Amino acid sequence: MIEKFRRVRIDSDLYELEIDGGKFTRVEFDRGDRTPEIGEGEWDAAGLLYMPTLADMHCHLDKHFIGERWRSRKRIDTLPNQLHREKELLASLSGTVEERARILLNLMLSHGTTRIRTHVDVDPELGLKHLEAVLKVREEYRGLMDIEIVAFPQQGLLRSRSYGVMREAMQSGADLVGAVDPGGLDRGIEPCLEQVFGLATEFNAGVDIHLHDPGHLGVYTIERMAEYAGQTGLQGRVAVSHAWGLGQITEAESADIGHKLREQGVSVITSVPIDRQMLNVPQLSSMGVDVRVGTDNVLDAWSPFGSGDMLERLGRLAEKCYWVEDEQLLGAYRYGTDKQLSPKVGDSADFVLVDAMNLEHAMASAPPREWVIVGGKPVAGRRFEGGLNK
Ligand SMILES: [Zn+2]
């Protein structure tokens, strides 16, 4: 069936978008001078602005508390203490992991996110319980949400003796091998990275490590990760999440590590922290390092904050970097989407309609997502949920 979206605004003009088989087949100027007659499979955007759907490269589908009763938190003193508290809190939740995953996926979809990378807890105690639930839910959302899964030994790969269960997780269908602070938590950068890259090589998988280790400990770990990426032929498939250490060094040191990241194709993924120094996004990007953004915490054991809204998070990045010029505001989209900023014939018809003056304004204001369209079909958004079809 052919779908049509009439009076969709791109910059200051209105367009008619025709979609067949989930892809744009026609993008045509629409005079839009009168309310169009709307037939089956047609929608009137009535001048709402076109925005691409977004990719959230760091989240945890299995660990939020949305829909549960309020849980009080303590300030994080040491990582081992926090890990212990998180275990207890997670064990006290009433909902199933499947339910939790669906709740967050629906929330993210309603914000216009259609691609995510989720870390999923794995350890000898939990076994594959969380992973199996997320793998099941991934099937339910196939075609709506593109989901990459990192097998994530939250309690420390070495520390919790999770190598065996991580291997099972990779066998069961996880896409990437995770870890946490090879130095600070696992107390063994080399043995930890050997296990991580050994598994990644064995399963032809990517790597994505949570790295909170500060300053030069963090930087040294990242350097070793880049070297391992080169040695194992995993260039372009290795990522460092958080990489807080990169925010605590000089610009010259950051440039030095930036060269190594670019050479070995190692990405960095930031959640745009506002409670600490962030890695130097403008510098690393201008050097050609792949920098991505993820929302990470949403009402979980680590933080009561977070909305799972990538547009809001990208706006925070722009604000933090003082990107106020039009080109800079538009440039901020590259950290949160692989898609073009306007529809092109042949591309997948995944887009969001918002009430904003232009994409710069949308970046700065994160307006409500009125419609979220995947493969040419409305699937979420404020007006979709309100049942207003016209
Ligand atoms: Zn995380």
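Residues numbered from 1 in each chain as written. Predicted model: local features only at pLDDT ≥ 70, side-chain atom pairs only at ≥ 80, totals over all residues.

Turning next to helix α3 (residues 129-140). Helix length check: α3, at 12 residues, gives a terminal C-alpha distance of 17 Å against a target of 16 Å (1.5 Å per residue), a fit within 8%. The set of residues buried in α3 consists of His130, Leu131, Ala133, Val134, Val137 and Arg138. Projected down its long axis, α3 shows its buried positions confined to an angular sector of 160°, all on one face. Summarising the geometry of α3, the exposed residues directed more than 90 degrees from the buried face are Lys136 and Glu139. As for α3, its buried residues are in contact with α2 (97-110), β7 (113-121), β8 (146-152) and α4 (163-172). (Helix = DSSP H or I, 4+ residues; strand = E, 2+ residues; numbered from the N terminus. Expected span 1.5 Å × (residues − 1). Buried ≥ 20, exposed ≤ 12 C-beta atoms within 10 Å, placed from the backbone. Arc of directions from axis to C-beta. Contact = placed C-beta atoms within 7 Å.)

Turning our attention to the sheet that holds strand β6 (residues 54-59). Across the sheet, which stays open at both edges, the 8 strands sit in the order β6-β7-β8-β9-β10-β11-β12-β13 with parallel pairing between neighbours. Here the strands that pair on one side only, and so sit at the sheet edges, are β6 and β13 (291-293). Strand-to-strand twist of the sheet, defined as the mean angle between neighbouring strand axes without regard to direction, takes the value 25°. In this structure, strand β9 (residues 176-180) lies alongside strand β10 (residues 206-210), joined through 5 bridges in parallel fashion. From the neighbouring strand, Val177 faces β10, where its bridge partner is Val207. Those strands touched by α3 are β7 and β8, and its axis lies near 165° from that of β7. (Pairing = 2+ DSSP bridges. Axes fitted to C-alpha atoms, helices over the stretch in contact; angles between N-to-C directions.)

Another aspect to go through is the nonpolar core. Counting 109 residues, the largest nonpolar core has Ala151, Val196, Val207, Met225, Val268 and Leu314 as its most contacted members. Two domains each provide a minimum of three residues to this core, namely domain 1 (2-52 + 339-380) and domain 2 (54-335). What Met225 contacts, discounting residues up to four positions off in sequence, is Leu193, Ile209, Val238, Val240 and Val266. (Core = buried A, V, L, I, M, F, W, Y, C linked by C-beta atoms within 7 Å. Domains from an automatic or database assignment.)

The geometry of helix α5 (residues 189-202) relative to helix α6 (residues 215-232) is characterised by a closest axis approach of 11 Å and an angle of 35° between their N-to-C directions. The handedness of the crossing between α5 and α6 is right-handed. Here α5 contributes Ile189, Leu193, Phe197, Ala200 and Thr201 to the contact with α6, which in turn contributes Thr221, Arg224, Met225, Tyr228 and Thr232. Here the contact of α5 with α6 is composed, by residue class, of 6 nonpolar, 3 polar and 1 charged. (Left-handed = near helix turned anticlockwise from the far one by under 90°. Nonpolar A, V, L, I, M, F, W, Y, C, P; charged D, E, K, R; others polar.)

Positive phi is not limited to glycine here, since His242 has a value of about 75°. With respect to the helices, strands and loops of the structure, His242 is situated in the loop between β11 (238-241) and α7 (251-263). For His242, a count of 26 C-beta atoms within 10 Å gives the class buried. Positive phi, normally seen in glycine, also occurs at Tyr322, with a value near 55°. Position of Tyr322 among the secondary structure elements: in the loop between α9 (310-320) and α10 (326-331).

Here the focus is the domain arrangement of the protein chain. Partitioning the protein chain into structural domains gives domain 1 (2-52 + 339-380) and domain 2 (54-335). Using C-alpha coordinates to define each centre, domain 1 is positioned 32 Å away from domain 2. Each partner contributes to the interface: domain 1 provides 16 residues, whereas domain 2 provides 18 residues. Breaking the side of domain 1 that touches domain 2 down by element, the ones donating at least two residues are β5 (49-52), α11 (359-365), β15 (369-374) and β16 (377-380).

Now for the packing of α2 against α3. Between α2 and α3, whose axes approach to 8 Å, the crossing angle comes to 50°. Regarding the angle of α2 to α3, the classification is oblique. As for how α2 packs across α3, the hand of that crossing is right-handed. Along its contact with α2, which presents Val97, Glu98, Ala101, Arg102 and Leu105, the element α3 presents Lys129, His130, Ala133, Val134, Lys136 and Val137. Residues of the contact of α2 with α3, tallied by class, amount to 6 nonpolar, 1 polar and 4 charged. (Parallel < 35°, antiparallel > 145°, perpendicular 65-115°, else oblique.)

Looking now at the environment of Asp309. Inspection of the secondary structure puts Asp309 in the loop between β13 and α9. Residues Asp309 and Gly294, 15 residues apart in the sequence, show an inter-C-alpha distance of 9.3 Å. Residues contacting Asp309, with those up to four places away along its chain left out, are His111, Thr295 and Ala366.

With 5 of 5 residues buried, β9 is to be regarded as a mostly interior element. Burial along β9 is two-sided: Leu176, Gly178 and Val180 and Val177 and Ala179, pointing in opposite directions, are all buried. Bridge count between β8 and β9: 2 bridges; the pairing is parallel. For Val150, the partnering residue across the bridge sits in β9 and is Leu176.

Within the secondary structure, Ala229 sits in helix α6. Not counting the four nearest positions on each side in its chain, Ala229 is found in contact with Leu234, Gln235, Val238, Gln264, Gly265 and Val266.

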